[in-house]
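# Examining the three-dimensional arrangement
Listed below are the residues making up each chain.
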Amino acid sequence: MIGRIFLYLAAGAGLLVAGGVLYIRLADMPPETWHADPERGERTGRPNDVLVAEGGDLPSPVLAAPPAEVAARLDAIALAEAGTERIAGSPEEGWMTYVQRSALVGYPDAVSVKVTAEGEGSRVAIWSRSRFGYRDFGVNRARVDRWLAALQP
C-alpha cells in the first residue's frame, strides 16, 4: 500500500517536472516584448542580465569598422551559436534581437544588439538577459564576452 502511494507521488512529481521543462522549452519570446534598445532598456535589478552600454556593466566598445560591417559580423557570430535565432531587426537596421536557448532544458535568453556610428567607426551596445529565474550563473556575461571577443580583428 505505502509502495503504491510512493509510486503515485513519484509519478505525479515526474509529470510536474516534465510539464515545467516543456513550458520553459516552448515559452514564447514575442519580439514586441523582447526587441529592446540596449541603450534604453529597463533593467530589473536582478543578477540575470548584463548590459554593455554607457552606464552598464561593461563599456560599449568602439570598433574601427563601419556599422553595417560590424552589424553583419555580429549577426553571423550570434547565428553561428547553437540554439540561437534572430527574432527581430536586421544587420541592415543595425539593431537585432536574438533568442538563445540552453541545450538541456531550453531556458530562453534574449540578446538585443545595437550598432551605431561613432566617428569613423562603430559603437556596440548589447543587452543579454534571462527570461526565467533570478540568477543566471554567469551565462549572459560569458555570452557577451564571447561575442565581443569574436568581433575583435
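You'll find the structure just up there.
Notes on the structure in this doc start here. (Residues numbered from 1 in each chain as written. Predicted model: local features only at pLDDT ≥ 70, side-chain atom pairs only at ≥ 80, totals over all residues. Heavy atoms only, no water.)

## Details of a nonpolar patch on the surface
On the surface, Met1, Ile5 and Leu9 cluster together to form a nonpolar patch covering roughly 380 Å² of accessible area. Tracing the backbone shows methionine 1 in the segment before helix 1 (2-26). Residue classification places methionine 1 among the exposed residues on the basis of a relative accessible area of 79%. (Patch = residues over 30% accessible without salt bridge, like charges linked within 9 Å, V, L, I, M, F, W, Y side chains within 5 Å. Areas by Shrake-Rupley, 256 points an atom, 1.4 Å probe, with all protein chains shown as cover. Salt bridge = Lys/Arg side-chain N within 4 Å of Asp/Glu carboxyl O. Helix = DSSP H or I, 4+ residues; strand = E, 2+ residues; numbered from the N terminus. Buried < 20%, exposed > 50% of the residue type's maximum accessible area, 1.4 Å probe, protein only.)

## Description of helix 3 (residues 67-80)
Taking 1.5 Å per residue, 14 residues should reach 20 Å; helix 3 reaches 20 Å between its end C-alpha atoms and fits that length. All of the buried residues in helix 3 are Val70, Ala71, Leu74, Asp75, Ile77 and Ala78. Each buried residue of helix 3 sits inside an arc of 165° when the element is viewed along its axis, so together they form one side. In helix 3, the exposed residues that point more than 90 degrees away from the buried face are Ala68 and Ala80. (Expected span 1.5 Å × (residues − 1). Arc of directions from axis to C-beta.)

## A word on the pairing of strand 6 (residues 121-130)
Counting buried positions over the ten residues of strand 6 gives ten, a clear majority of the element. In this sheet, strand 6 lies alongside strand 1 (residues 49-52) in antiparallel orientation, the contact comprising four bridges. Bridge assignment links aspartate 49 to a residue of strand 6, and that residue is arginine 129. Looking at chain direction, strand 2 (residues 62-63) and strand 6 are connected through two bridges and run antiparallel. What sits directly across from leucine 63, in strand 6, is serine 122. Sheet topology note: the strand 5 (residues 108-118)/strand 6 ladder contains ten bridges and is antiparallel. Paired with aspartate 109 across the bridge in strand 6 is serine 130. Between strand 5 and strand 6, which follow one another and run antiparallel, lie two residues, and glycine 119 among them has a positive phi close to 60°. (Pairing = 2+ DSSP bridges.)

Purely geometric stuff here, so don't read any function into it on its own.
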